[in-house]
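The chain contents come next:
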Amino acid sequence: MKEKIRIASGQGFWGDLIEAPYWQVTRGPIDYLVMDYLAEVTMSILQKQKNKNPKFGYARDIPELMKKILPACKKDNIKIITNGGGVNPIACAEEIIAIAKEIGIKGLKVGVVLGDNINDRIDDIISQGCELNNMETGESIVPVKDNLLSANVYFGALPIVDALKKGADIVITGRTTDTGLTLAPMIYEFGWDPKNYDLMAAGTVAGHILECGAQSTGGNFLGDWESIENFAEIGFPIAEAYPSGEVIITKHENTGGRVSFDTVAEQLVYEIGDPKSYITPDCVADFSSIKLEDLGNNRVKVYDVKGQKETDSYKVSCSYSSGYSAIGSLTYSWPKALTKAKRADEILRKRLENLGLQFEEIKTEFIGYNATQGPLSKDLDEDLINEVMLRFAVRSKDKYSVERFGKEIAPLILTGPPSVTGFAGGRPKPSEVVAYWPALIPKKLVEPHVKILELK
Amino acid sequence: MKVKLIDIAHARSGDKGDAGNVGVIAYDEKGFEIIQKYLTTEKVKKHFEGICFGKVERYEMPNIRAINFLLHNTLGGGGTVSLKHDAQGKILASAMLRMELEV
């Protein structure tokens, strides 16, 4: 058993810093590279890609990344775990094998975790008594059932552990909790008992600290961010884990950013509800039990984490199609920038009303004046306002209304208030609203399983 | 005596459905004593009037000198449905730090 393992976060979300995983692999020693490529509604986007071409449906950045890092990972024995498999983890794995073969790699096992995709089983699941009600609002899924674009169960660490036990060098999953990606290598390397809930919670907390990438190493930091150096090459976090459950959060030395009590604490409170009840498929972690100690030199110890038994359900993430939206913007300048923007807003609303267009919601915001903090914004003498961006957003079930709205922005330049600019990029086009439907499903109704693809 | 929250704490916000969560973290024990006593649910609800249209939940995390707030009905429907510029509540943390406490 290793005395410690270093688990590096390479991506916090789909769209994160492309170079980050490459720096993790090349700027210092690591044992595992974990990457999250799925936001809430990413699956629906990937499903659309798969509908167009059955070979797609996984994060398209992965093949390019593998070409860059596979040689170093093979040489330094770095294992890779990612949920970028999306709705087609097998195709993702096959592409990785093809790339490995192309660049001359010999001996590679890619483990694929399957079973999370329940999009084809919705009626069957409902008939077995699981209603898939919206877990936030309690609403029934029946009205949106026919508009579902994707439905995926959040698996935790255990299926990944299974893949590692079967010899996988790379593990590709569909929907998995971000925390599970980091917890799995700890269970596998240290032989942790999944019923030891304090250890499960320790790995889960480490996973939470890693899951948003640089957001725990000085990125998006409301403490003393100004003194942080070298944001350009910010080091993503590394969890140096020990069999005892103690984890030291750190980063590679020759990278920017900072790991301190404050930067880690900010990530700990990010997107949590009741801290005593952080629910995952692997345990219920108590975030009010976590102890942090700043060891200096960009090393923070995380210890004494407590956890309880996991629940009987998995969380399900579904997405469904719910209309269209579009956003238009124009910038108005001094003098009387706000007055002009407000008048333009009135004119636009009147025109849309006169056209008889149907909208579920229209939202106007004045960027540069009060768009981000609303009533908490400091009121300014209008003479001090240099410019204001009018941001006008609409949403409707009727695509025509949204499209027609898009044609009303440009005319305002010549048919409305003066000192207006910032119209480039053509008419705002309707964009499909993919709404999110979270639900719960009894664990006994879903079965994860692992398939191994091998390149000899 | 008026104390500016931004002088004694930092914060991070995120989204949980249509709710925004704001974690306020005091820089030291003295600061945590102040927010523990004075940063109440009522104060936060009042501060976010016109922004938060639902209930406010409050959870203490003395282990990291923090208090976590959940502000319901704040994000215009949340996620991809919301038309708000800050649909994910990323600015709620800064907005929270405008608060002044009477201690």
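Our structure is the block above this text.
These remarks concern the structure in this document.

Cut-offs and rules
- Residues numbered from 1 in each chain as written.
- Chains lettered and ligands numbered in written order.
- Predicted model: local features only at pLDDT ≥ 70, side-chain atom pairs only at ≥ 80, totals over all residues.
- Heavy atoms only, no water.
- Helix = DSSP H or I, 4+ residues; strand = E, 2+ residues; numbered from the N terminus.
- Rg over C-alpha atoms; globule rule 2.2 N^0.38 Å.
- Buried < 20%, exposed > 50% of the residue type's maximum accessible area, 1.4 Å probe, protein only.
- Contact = heavy atoms within 4.5 Å.
- Areas by Shrake-Rupley, 256 points an atom, 1.4 Å probe, with all protein chains shown as cover.
- Lys, Arg positive; Asp, Glu negative; His and termini not counted.
- Charge placed at Lys NZ, Arg CZ, Asp CG, Glu CD.
- Core = buried A, V, L, I, M, F, W, Y, C linked by side-chain atoms within 4.5 Å.
- Salt bridge = Lys/Arg side-chain N within 4 Å of Asp/Glu carboxyl O.
- Axes fitted to C-alpha atoms, helices over the stretch in contact; angles between N-to-C directions.
- Parallel < 35°, antiparallel > 145°, perpendicular 65-115°, else oblique.
- Nonpolar A, V, L, I, M, F, W, Y, C, P; charged D, E, K, R; others polar.
- Pairing = 2+ DSSP bridges.
- Buried area = accessible area lost by both parts, 1.4 Å probe.
- Polar contact = N/O pair within 3.5 Å; in protein donor to acceptor, adjacent residues only side chain to side chain.

**With respect to the overall build of chain A**
Item 1. Each helix and strand in chain A was counted, giving twelve helices and 19 strands.
Item 2. Taking 456 residues into account, the globule formula puts the C-alpha radius of gyration at 23 Å, and chain A, at 25 Å, falls close to it.
Item 3. Overall size of chain A, expressed as C-alpha extent along the three principal axes, is 75 × 55 × 45 Å.
Item 4. The buried share among the 456 residues of chain A stands at 55%.

**Thoughts on the overall build of chain B**
Item 1. Counting its secondary structure elements, chain B contains four helices and six strands.
Item 2. Written out in order from the N terminus, the α and β elements of chain B read β-α-β-β-α-α-β-β-α-β.
Item 3. Over its C-alpha trace chain B gives a radius of gyration of 13 Å, about what one expects of a compact globule, namely 13 Å for 103 residues.
Item 4. Burial statistics for chain B: of 103 residues in total, 56% are counted as buried.
Item 5. At a minimum sequence separation of 6, the contacts of chain B that also span at least 24 residues come to 58%.
Item 6. Element-wise, carbon and sulfur atoms account for 52% of the exposed surface of chain B, whose accessible area totals about 4,200 Å².
Item 7. Between the centroid of the 15 positive side chains of chain B and the centroid of its 13 negative side chains there is a distance of 2 Å.

**Quick notes on the nonpolar core**
Residues and elements named next belong to chain A.
Item 1. Counting residues in hydrophobic clusters, the biggest one holds 75 residues, and the most contacted among them are Met-186, Ile-249, Phe-287, Leu-292 and Ile-441.
Item 2. The leading source of residues in this core is helix α8 (residues 197-210), at nine residues.
Item 3. With 33 residues, the next largest nonpolar core counts Leu-70, Ile-78, Ile-97 and Leu-453 among its residues.

**Some thoughts on the environment of Leu-390 of chain A**
All names here are of chain A.
Item 1. Structurally, the position occupied by Leu-390 is in strand β16 (residues 387-396).
Item 2. According to the relative accessible area criterion, Leu-390 is buried, its value standing at 3%.
Item 3. Remark: the alpha-carbon pair of Leu-390 and Tyr-332, spanning 58 residues in sequence, is separated by 7.5 Å.

**With respect to the pattern of salt bridges**
Residues and elements named next belong to chain A.
Item 1. Evaluated as defined, the whole model comprises 24 salt bridges over all chains.
Item 2. One salt bridge in this structure joins Asp-124 and Arg-121, with 3.7 Å as the shortest N-O distance.
Item 3. Put simply, Lys-301 and Glu-293 hold a salt bridge, and the shortest N to O gap is 3.9 Å.
Item 4. A relative accessible area of 18% places Lys-301 in the buried class.
Item 5. Overall, the relative accessible area of 34% leaves Glu-293 in the partly exposed class.

**What to know about the packing of α8 of chain A against helix α9 (residues 261-268) of chain A**
Residue and element names in this part refer to chain A.
Item 1. For the pair α8 and α9, the least separation of the axes is 8 Å and the interaxial angle reads 100°. Between α8 and α9, the interaxial angle falls into the category roughly perpendicular. Taking contact as the criterion, the partners of Val-205, His-208 and Ile-209 in α8 are, on α9, Val-264, Gln-267 and Leu-268.
Item 2. Considering only residue class, the contact of α8 with α9 consists of four nonpolar, two polar and no charged.

**Describing unusual backbone geometry**
Residue and element names in this part refer to chain A.
Item 1. Note the cis peptide between Trp-334 and Pro-335, where omega equals 10°.
Item 2. With respect to the helices and strands, Pro-335 occurs in the loop between β14 (313-333) and α10 (337-354).
Item 3. Located in the positive-phi region is Asn-220, a residue other than glycine, with phi close to 50°.
Item 4. With respect to the helices, strands and loops of the structure, Asn-220 is situated in the loop between α8 and β7 (238-241).

**A few points about the pairing of strand β5 (residues 148-153) of chain A**
All names here are of chain A.
Item 1. Taken across its six residues, β5 has six buried, putting it largely inside the fold.
Item 2. In the sheet, β5 pairs with β14 via five bridges, with the strands oriented antiparallel. If you follow Ala-151 over to β14, its bridge partner there is Cys-318.

**Some thoughts on the sheet that holds strand β2 (residues 9-16) of chain B**
Item 1. Strands sit in the order β2-β3-β5-β4 (chain B) across an open sheet of four strands; the sheet is antiparallel. Strands with a single pairing partner mark the edges of an open sheet, and in this sheet they are β2 and β4 (56-61) of chain B. Recorded for the sheet is a direction-independent mean angle of 15° between the axes of neighbouring strands.
Item 2. Of the strand pairs in this sheet, β4 of chain B and strand β5 (residues 66-71) of chain B are connected by six bridges, and their pairing is antiparallel. Note on β5 of chain B: the bridge partner recorded for Glu-60 of chain B is Ile-67 of chain B.
Item 3. Lying on the sheet, α9 of chain A is in contact with β2 and β3 (19-26) of chain B; it crosses β2 of chain B at an angle near 30°.

**As for the interface of chain B and chain A**
Item 1. With 38 residues of chain B at the contact, the number on the chain A side is 47 residues.
Item 2. Of the roughly 3,600 Å² buried at the junction of chain B and chain A (both faces included), carbon and sulfur atoms supply 59%.
Item 3. When the area that chain B buries against chain A is broken down by residue, the three leading residues are Arg-12, Leu-83 and His-85 of chain B, summing to 24%.
Item 4. Here Arg-12 of chain B makes a salt bridge to Glu-266 of chain A, at a shortest N to O gap of 3.1 Å.
Item 5. Where chain B packs against chain A, one counts 21 residue pairs in polar contact (both at pLDDT 80 or more).
Item 6. Mapped by element, the contributors of at least two residues to the side of chain B that touches chain A are β2, β3, β4, β5 and α4 (92-96) of chain B.
Item 7. When residues of the side of chain B that touches chain A are assigned to their parent elements, the largest contribution, seven residues, is made by β2 of chain B.
Item 8. Along the lines of polarity and charge, the residues of the side of chain B that touches chain A split into 16 nonpolar, 13 polar and nine charged.

**Examining the sheet that holds strand β10 (residues 284-286) of chain A**
Residues and elements named next belong to chain A.
Item 1. Pairing in this open sheet of three strands is antiparallel, and the strands run β9-β10-β13 from one edge to the other. Every interior strand has two partners, whereas the edge strands, β9 (278-279) and β13 (306-308), have only one.
Item 2. Along the sheet face, α8 touches β9, β10 and β13 and points at about 110° away from the line of β13.

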